[in-house]
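Close look at the chain arrangement
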Amino acid sequence: MPMTDNSAGKTGAAPEGVRARDRLALLTADNAAVPLPAGVQAITAILLAVLLIALPWLGLGYRFLSIAITTLYTAIGLYGLGLQFGQAGIMSVGHAALMGVGAYASAILSVQLGFGFWTSLPFAMALSAIVGGVIGLPTLRVGGQHYIIITFCFCALFVVVLTNGGTFTGSATGLDVGSVTPLPGINFDKLSNNYYLVLAALFLALSATYLIGNSRYGRTLRAIRENEQLARSVGINVDLHKLGVLMVSGLFAGLAGVLQLYYLRHISPTLFGAFPSLYLALMVMLGGARYLYGPLIGAVIVNFLPEVLNLDPVDSRIAYGVCLLLVILLLPGGVGAGIKNVYCAVRGGLEKQGGGTNGRA
Amino acid sequence: MAALEVRGLRKQFGGVVALNGIDLDIGTDQVVGIVGPNGSGKTTLFNVVTGVHPATGGTVSWQGQDITNIGAHRIARKRLVRTFQQAMSFPGLTVYENVRIAWEQGRMRGSRWASPGMILDFVGLAPLGRAIAGSLPFGSLRRLGLAVALGVSPELLLLDEPGAGLNDSEAQAFAAVIAQLPPQGIGVCLIDHDMDMMSDLCDRLIVLDFGTKIAEGLPAEVLADSKVREVYLGPNRKAAAS
């Protein structure tokens, strides 16, 4: 396929002598649809995998590893949110509640029926998926902001139900579970092993996101995001796919919720209320929902920011607010978009230096 | 038996009767033009036939099957495909991806195109494959709309004002592309206001006015029809125009 002049489109190929406005255009450019070369993708994936696998051996301490585990299971939930928002264009600000459905399902199965981590996991994920689909029913009638309010209401309702659920849900105190059932030779009480468990799940979530994004299914979702009417007119069952992607998102949320439960070993309703949900929405926007590593980047920033800058909870909320404003103003596609735009600009610059060889990407 | 048979089709929006009992027969071997003044129900006819709006009454059947009100995506899957009056695309995706999405939907039921690239070649968009659809100039966007519709492997293509907003040379080039479709087994039914283009391109013309069909036949016959001239030129100017 012939390569066209990308600088004519919305791609951020920066010419010589960029002015301030051009620099801003570089940040706000939308290069999400520009394909990356397979080599670049592979190198990024390998570097990231090596870094994440080596993390417990870097001697960064117990506290660092705890935050890393929190970051990773949060990121798993975010990959679901990234799929429904980034690919299909359906935002939710009640996503923590969906993680809560998984966590509580697993905890209740453990308390009432004695199910362990592995046996309760499929049930918890399935329940989250079903609940995700049921909350999704209104998307067939309303979209955008209206649906966001519905998810917010679900979140509030979920906390009320849990708080008033008596001993079944543990009321405001919540529920406790034991540790993850050990696999032969692996005891998950050890923090680094728990980290690897969550990391393995993250790799699954990342792989699933990558495969979906590059499949016909992913393109179908993007078609719905971009133009519902046109999507219908080419034969896409828009209603079915909207519910479907919310169920897939629910699967991710359920997995994240169960991992959260077995890392904390104790859950209570406040973990799944409005504030955690808003943080999830913040993270996915901050990182960039349309980019493969966007949700992970968002989770890393929000979880490590208070630690790195030594902020107390109130200060960190202010910092998050500032971050969100900066992203909306400067990087509407998130930090992931910024990184890709810089990459596209550098590549565009190199191609120009190469005498306009129209090199293939 | 014609592939598309419309019988007594009615559409009411509240008290407004947009379609008042339309009968149509359209085959897949011709170019059929639908003309009429603004508000005569042309686009509504397309919207009801392709399931965008439900019909108030009457039936639409396609290849012998009743497809009245079965939903837009099901109708598209039966290879009865339409384009829109406003040039539509998936704006944030590349031109290639736009066509690929439609092509993949059509391929599930067997496609006439071996690859999305063939469709881009056919409509003359191949050099723009990597451009973002939302950044295309209007003429190219119209071609993309056609390419997306063709991607579904239609047997009958309903084109809603494909020439609107194009300059003369663009419109002529577009008409040349459309004229190539019936020999390949893709019937075309199009709405347009450009009478010169319509009479050159169409094998048959249908004239709508106030939601009813007032004339149908060969372009020359229809344009000579006194009722059609009255609708288009007004009763007082009949003498001046002839």
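Residues numbered from 1 in each chain as written. Chains lettered and ligands numbered in written order. Predicted model: local features only at pLDDT ≥ 70, side-chain atom pairs only at ≥ 80, totals over all residues. Heavy atoms only, no water.

1. Here's the deal with the sheet that holds strand 8 (residues 187-191) of chain B
Residues and elements named next belong to chain B. Across the sheet, which stays open at both edges, the six strands sit in the order 6-7-8-3-9-10 with mixed pairing between neighbours. Both outer strands of the open sheet, strand 6 (80-82) and strand 10 (212-217), are each paired with one neighbouring strand and no more. Going from strand to strand, the sheet's axes swing by 20° on average, the running direction of each strand aside. Here five bridges tie strand 7 (residues 156-160) to strand 8, and the two strands are oriented parallel to one another. Each residue of the ladder has a partner; that of Asp160, found in strand 8, is Ile191. Contacts from helix 5 (residues 138-151) reach strand 6 and strand 7 within the one sheet, and its direction differs from that of strand 7 by about 155°. (Pairing = 2+ DSSP bridges. Helix = DSSP H or I, 4+ residues; strand = E, 2+ residues; numbered from the N terminus. Axes fitted to C-alpha atoms, helices over the stretch in contact; angles between N-to-C directions. Contact = heavy atoms within 4.5 Å.)

2. What to know about the pairing of strand 2 (residues 16-26) of chain B
Regular strands place side chains that alternate from one sheet face to the opposite one. Residue and element names in this part refer to chain B. Two strands pair when backbone bridges link them, and strand 1 (residues 4-13) and strand 2 are joined in this way by eight bridges, in the antiparallel orientation. Following the sheet pairing, Phe13 is matched in strand 2 by Val16. The loop that links strand 1 with its antiparallel partner strand 2 comprises two residues; one of these, Gly14, has a positive phi angle of about 60°.

3. Describing helix 14 (residues 313-330) of chain A
All names here are of chain A. Counted at 1.5 Å a residue, the expected span for helix 14 with its 18 residues is 26 Å, and the 25 Å between its end C-alpha atoms agrees. All buried positions along helix 14 are accounted for by Ser316, Ala319, Tyr320, Cys323 and Val327. All buried residues of helix 14 fall inside an arc of 105° around its axis, so they share one side. The outward face of helix 14, more than 90 degrees from its buried face, is lined by the exposed residues Val314, Ile318, Leu325, Ile328 and Leu329. (Expected span 1.5 Å × (residues − 1). Buried < 20%, exposed > 50% of the residue type's maximum accessible area, 1.4 Å probe, protein only. Arc of directions from axis to C-beta.)

4. Here we look at the interface of chain B and chain A
Chain B puts 32 residues into the contact, and the matching count from chain A is 28 residues. A buried area of about 2,900 Å², summed over both sides, lies between chain B and chain A, and 63% of it is on carbon and sulfur atoms. In terms of surface lost to chain A, no three residues of chain B exceed B:His73, B:Phe90 and B:Arg130, which account for 25% of the buried area on that side. Where chain B meets chain A, there are two salt bridges. Counting residues per element, the side of chain B that touches chain A draws most heavily on helix 3 (residues 95-107) of chain B, at seven residues. Along the lines of polarity and charge, the residues of the side of chain B that touches chain A split into 20 nonpolar, six polar and six charged. (Buried area = accessible area lost by both parts, 1.4 Å probe. Salt bridge = Lys/Arg side-chain N within 4 Å of Asp/Glu carboxyl O. Nonpolar A, V, L, I, M, F, W, Y, C, P; charged D, E, K, R; others polar.)

5. Side note on the pattern of salt bridges
Any two side chains of opposite charge can pair, on the condition that their charged atoms come close. All names here are of chain A. Applying the stated criterion across every chain yields a total of 13 salt bridges over all chains. One salt bridge connects Arg265 with Asp189, and the closest N-O pair in it is separated by 3.6 Å. Placement of Arg265 in the loop between helix 11 (238-264) and strand 2 (266-267) and of Asp189 in the loop between strand 1 (175-176) and helix 8 (191-213) is noted, with a sequence separation of 76 residues between them. Given the relative accessible area of 34%, Arg265 is considered partly exposed. Note on Asp189: relative accessible area 46%, which makes it partly exposed. Residue Arg225 is joined to Glu226 by a salt bridge in which the shortest nitrogen-to-oxygen separation is 2.9 Å. Within the structure, one salt-bridge network assembled from shared partners comprises Glu228, Arg232, Asp239 and Lys242.

6. Quick word on the nonpolar core
Judged by nonpolar contacts, the single largest core of 85 residues is most densely connected at A:Ile76, A:Tyr195, A:Leu202 and A:Leu259. Beyond its immediate sequence surroundings of up to four residues, A:Ile76 is in contact with A:Val198, A:Ala201, A:Leu202, A:Ala205, A:Phe252, A:Leu255, A:Ala256 and A:Leu259. Grouped together as the second largest cluster of nonpolar side chains are 60 residues, A:Leu230, B:Ala147, B:Leu157 and B:Ile214 included. (Core = buried A, V, L, I, M, F, W, Y, C linked by side-chain atoms within 4.5 Å.)

7. Brief notes about the side chain of B:Thr68
Residues and elements named next belong to chain B. As for its position among the elements, Thr68 is in the loop between strand 5 (65-66) and helix 2 (72-77). Taking the relative accessible area as the measure of exposure, Thr68 reaches 16% and is therefore buried. For Thr68, the side chain forms a polar contact with the main-chain nitrogen of Val60, separated by 2.9 Å. Beyond its immediate chain neighbours, meaning those up to four positions away, Thr68 contacts Ala55, Gly58, Thr59 and Val60. (Polar contact = N/O pair within 3.5 Å; in protein donor to acceptor, adjacent residues only side chain to side chain.)

8. Some remarks on the side chain of B:Arg142
All names here are of chain B. If you trace the backbone, Arg142 turns up in helix 5. Buried charged residue Arg142 carries no salt bridge. Nearest counter-charge: Glu161, at 6.3 Å. At 3.5 Å, the side chain of Arg142 forms a polar contact with the backbone oxygen of Phe84. The residues contacting Arg142, other than those within four sequence positions of it, are Phe84, Gln85, Gln86, Ala87, Asp160, Glu161, Pro162, Ala164, Leu166 and Phe174. (Lys, Arg positive; Asp, Glu negative; His and termini not counted.)

9. Some remarks on the pairing of strand 1 of chain B
Where strand 1 of chain B meets strand 4 (residues 57-62) of chain B, five bridges bridge the pair, whose relative direction is antiparallel. Looking at the pairing, B:Leu4 lines up with B:Trp62 of strand 4 of chain B.

10. Some thoughts on the sheet that holds strand 2 of chain B
Residue and element names in this part refer to chain B. Spatially, the four strands line up as an open sheet ordered 2-1-4-5, and their pairing is antiparallel. Looking at the sheet topology across the chains shown, the edges are occupied by strand 2 and strand 5. Along the sheet face, helix 1 (residues 42-49) touches strand 1, strand 2 and strand 4 and points at about 110° away from the line of strand 1.

11. Details of helix 6 (residues 168-179) of chain B
Residue and element names in this part refer to chain B. The end-to-end C-alpha separation of helix 6 is 16 Å, in line with the 16 Å expected for twelve residues at 1.5 Å each. Among the residues of helix 6, those classed as buried are Ala171, Phe174, Ala175, Val177 and Ile178. With its buried residues spanning 155° around the axis, helix 6 presents them on a single face. Away from its buried face by more than 90 degrees, helix 6 exposes Ser169 and Gln172.

12. Topic: the state of the cysteines
On inspection of all chains with the given rule, the structure shows zero disulfides over all chains. Looking at the unpaired A:Cys153, the closest cysteine sulfur is the one in A:Cys155, lying at 9.7 Å. Classification of A:Cys153 as partly exposed rests on a relative accessible area of 44%. For the unlinked cysteine B:Cys202, the closest cysteine sulfur is that of B:Cys189, found at 8.5 Å. (Disulfide = S-S within 2.5 Å.)

13. Focus on a negative patch on the surface
Residue and element names in this part refer to chain B. A cluster of acidic residues, Asp168, Asp194, Asp196 and Asp200, forms a negative patch on the protein surface. Looking at the secondary structure, you find Asp194 in the loop between strand 8 and helix 7 (195-201). Classification of Asp194 by relative accessible area gives partly exposed; the value is 32%. (Patch = residues over 30% accessible without salt bridge, like charges linked within 9 Å, V, L, I, M, F, W, Y side chains within 5 Å. Areas by Shrake-Rupley, 256 points an atom, 1.4 Å probe, with all protein chains shown as cover. Charge placed at Lys NZ, Arg CZ, Asp CG, Glu CD.)

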